[in-house]
Amino acid sequence: MNKQSIGIVGAGLCGSLLGISLARKGYKVTVFEKRKDPRREEMESGRSINLALSDRGLQALERMGMAQAAKEICIPMKGRMIHDTEGNKRFSPYSGRSEDYINSISRTDLNRLLIEELDTSENVVIFFETSIEKIDIERSRVYYTVGAKSVYGDFDLVIGADGAGSIVRRTMQKEIPNFNSTSQFLSHGYKELEIPSAGKGQYKIDKHALHIWPRQEFMIIALPNMDGSFTVTMFNPYEGKAGFNELDEKQEIDQYFDAYFPDLKPLIPELQDDYNNNPIGKLGTVKCYPWHHKGRVLLVGDAAHAIVPFYGQGMNASFEDVYVFDQILEEMETIDWGEFCEKFQESRKPNCDAIADLALDNFIEMQDKVDDEDFIKKRKLEMKLEQDGEGYYSKYSLVTFREDMSYKEAMIKGRKQDEILLAYCAHDQFEYPTSKQELNQVIDYIKNKLNE
Ligand SMILES: Cc1cc2nc3c(=O)[nH]c(=O)nc-3n(C[C@H](O)[C@H](O)[C@H](O)COP(=O)(O)OP(=O)(O)OC[C@H]3O[C@@H](n4cnc5c(N)ncnc54)[C@H](O)[C@@H]3O)c2cc1C
C-alpha cells in the first residue's frame, strides 16, 4: 500500500471525486475546503442550483463506482424545449437515439454525495471552513489554521481543485516566471430565478426537457429539480439592450418579462424577489500553462480550465480530468510526480482548450446564427440525419454523448462536419432528403468529405 500524502485544496465536485480516487489507491489524502460541510449545512434560502451531467461526467463517476448513486438524484432531459415570444413550444430531442440524454442534477446534492463517500475512507482527512490563503509551491506546503493556530502541512503533491478563482493557480502565476494565465470574461453575466413546484412534487412545465427561451442577445434556460421546481438562469449582457444595468426597477423587470418571456413570467411568482436577491454571476474562460510545478503542485478542474457554460461541460470536463488522472496513475508502475503531471497535462490540456473554444463558439452561435438561413437549414437537416439516418453524430452529440472520443477530436470532426453541411445547404438545388435511403446518402457524402 502506497502511503504518499496528497493535499487537495477544494472539496468541490472535482476535488472530492479526485480525493475518492486517490484514497482508494492508498494515498493519504488531506482535503481543505473553505465552505461548511454540505452534509450539515441547510440549503441557503432553499435555493437549488443544478447542472447538466452527461456521458463524460458519468463515465468518471462510473469508474469510481458512483454513477448509480448519482443517477438516483438525476432527472433525465431528453431534449430542448424551445419557447418563443408567442408562448409556442417546440421540443427538439438531443439526437433521437434513446440513450442520448443529459441529466439535471443538484450541485449541492452531488457534492454532498461525493463528500459522504470521500469521508468513508480512513485515508482521508477533510478540513471544512478552512480557506487556504498561502501555499509554498517549492515545498508542496499548505498553510492553514486550526482554531486560532496557524499550522502547515507538507505533502508529496498539492492539488489545486479550488475552482475558477484558484489561489493555487494565482500563487503559481506569481512564483513561476514562465507561467501563463489568461482569464477572459464575457460581456454577459447570469442570474438565477426559480419556478416553484406546482405542489406535491409536481412540475409546472415538462420535467424531461432543458427549457430554453432564446432571444438572440440574451436568453433564459430552466433545468428541473427533484422537488418539482426548476432553476431558471438568465444570461444577459451587463449593459446595452436587455442589459442587467437597465433592469433595476420593478417596472423595468415586469416590462422586460412581459415583452420577451410572457409564458415564463407567471411561472415565477417570486420574480421580483429572486431578481433582486440573487447576485449576477460572471462568465469566463480561464486558460493557463503549465498546469504543474516540478510535479509538486498540480491544477485540475476549473482551477486549470474554467469555461463558459454554453455546452454544459465544465463539470463534465472536470470529472473527465479525474477519469484520466486515475487511469494514468493506474498505468504507472512507480510514481514520479513530475512524470505523472507531465503526462496528465499533455493528455488534458489540448482537450480542455478544445471544450473551452467550443463553449465560446456556442455562445456566439446562439446569438449570431439563429437567423442565418443556411444555418437554420443545416440545423434542420442535421436533426433529420441524427434522428432518422444511421450513425450520424452532430458536433453537440460528439461532445456530449461520445465519451469515447476526446474533446479535441470531437471539435475537429464536428467543425468539419458543420462546414460540409453548411456548404451542402447553401447549394442552389438544395432539398431536404425525405427517405431513409436519401438521409443515409447524405451521411455517406459527409463521411467521404471528412476523409478527403
Ligand atoms: C452558471 C453556470 C452553469 C453551469 N452549468 C454547468 C452544466 O450544466 N454542466 C457542467 O458540466 N458544468 C456546468 N458549469 C460548470 C461547473 O460548475 C464547473 O465546471 C465545476 O463546478 C468545476 O468543478 P471544480 O470542483 O473544479 O470547481 P468548483 O465546483 O468551483 O469547486 C471548487 C471548490 O474549492 C473551494 N475553494 C475555493 N477556494 C478555496 C480556498 N482558497 N481554500 C479552500 N477551498 C477553496 C470552493 O469552496 C469549492 O468548493 C456551470 C457553471 C456556471 C457558472
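Right above here is the structure, for reference.
Note that residues are indexed from 1 along each chain, following the sequence as it is written. A pLDDT threshold of at least 70 governs which residues receive local features in this predicted model, and a stricter bar of 80 or more applies before side-chain atom pairs are shown or counted, although totals over entire chains, interfaces and linings include all residues. The side-chain numbers reported here are obtained from all heavy atoms of the structure, hydrogens and water having been left aside.

Novice: How should I be thinking about the site of the ligand in this particular structure?
Specialist: Residues are labelled near a given molecule or strand when at least one of their non-hydrogen atoms is within 4 Å of it. Residues in contact with the ligand amount to 29 residues; listed here are only the nearest, Cys 14, Glu 33, Ala 52, Arg 107 and Asp 302. Between the ligand and Glu 33, the relevant distance is 2.6 Å, taken from an oxygen atom to a side-chain nitrogen or oxygen of the residue. Nitrogen and oxygen atoms within 3.5 Å of one another constitute a polar contact, given that in protein one can donate a hydrogen and the other can accept it, and given that sequence-neighbouring residues count only through two side-chain atoms. Within the side chain of Asp 302, a nitrogen or oxygen atom sits 2.8 Å from an oxygen atom of the ligand. Accessible surface area values rest on a Shrake-Rupley calculation with a 1.4 Å probe, where residue burial reflects the displayed protein chains alone. Taking 1,000 Å² as the accessible area of the ligand by itself, protein coverage stands at 88%. Secondary structure elements are defined from DSSP: runs of H or I of at least 4 residues count as helices, runs of E of at least 2 residues count as strands, and each element is numbered from the N terminus. Within the residue set of the shell around the ligand, elements represented by two or more residues are α1 (13-24), β3 (50-53) and α9 (314-331). In terms of residue count, α9 provides more of the shell around the ligand than any other element does, four residues in total. When its residues are assigned to classes, the shell around the ligand shows 12 nonpolar, 11 polar and six charged. Gly counts as polar in this scheme, as do all residues outside two lists: the nonpolar Ala, Val, Leu, Ile, Met, Phe, Trp, Tyr, Cys and Pro, and the charged Asp, Glu, Lys and Arg.

Novice: What is the right way to read the nonpolar core from this model?
Specialist: Nonpolar side chains in soluble globular proteins generally cluster together in the buried interior. We call a set of buried Ala, Val, Leu, Ile, Met, Phe, Trp, Tyr and Cys residues a nonpolar core when their side-chain atoms join them within 4.5 Å. Throughout this description, buried means an accessible area under 20% of the type-specific maximum (1.4 Å probe, protein chains only), exposed means over 50%, and partly exposed covers the range between. Ranked by internal contacts, the top residues of the largest apolar core, which has 71 residues, are Leu 22, Leu 61, Phe 319 and Phe 340. The leading source of residues in this core is α9, at eight residues. Any two residues having at least one pair of non-hydrogen atoms within 4.5 Å are treated as being in contact. With near-sequence residues (within four places) excluded, Phe 319 lies in contact with Leu 13, Cys 14, Leu 17, Leu 53, Gly 57, Ala 60, Leu 61, Leu 110 and Leu 114. If you look at the next biggest cluster of nonpolar residues, it comprises 34 residues, including Phe 310, Leu 358, Tyr 396 and Met 411.

Novice: Sorry if this is basic, but what is going on with the packing of aromatic side chains here?
Specialist: Think of a pair of aromatic rings as described by two things: how far the centres are apart, and how the planes are tilted against each other in angle. A pair of aromatic rings is counted whenever rings of Phe, Tyr or Trp (Trp by its six-membered ring) have centres within 6.5 Å, and the orientation is called stacked for planes under 30 degrees apart, edge-to-face for over 60 and tilted otherwise. On inspection of all chains with the given rule, the structure shows 31 aromatic pairs. Consider the rings of Tyr 94 and Tyr 396, whose centres lie 5.4 Å apart with planes at 15 degrees: the pair is stacked. You can see Tyr 94 sitting in the loop between β6 (89-93) and β7 (102-106) and its partner Tyr 396 sitting in helix α12 (residues 395-401), a full 302 residues away along the chain. A relative accessible area of 5% means that Tyr 94 is categorised as buried. Geometrically, the ring pair formed by Trp 337 and Phe 340 is edge-to-face, given 5.3 Å between the ring centres and 85 degrees between the ring planes. With Trp 337 and Phe 340 both in helix α10 (residues 337-368) and three residues apart, the pair spans about one turn of that helix. The buried category is assigned to Phe 340, whose relative accessible area is 0%. Through a chain of ring-to-ring contacts, the aromatic side chains of Tyr 27, Trp 291, Phe 325, Trp 337, Phe 340 and Phe 344 assemble into a single cluster. Sitting over a ring, as applied to charges here, requires NZ of Lys or CZ of Arg to be within 6 Å of the ring centre and within 35 degrees of the ring normal. The ring of Tyr 275 carries Lys 191 above its face, with NZ or CZ at 4.5 Å from the centroid.

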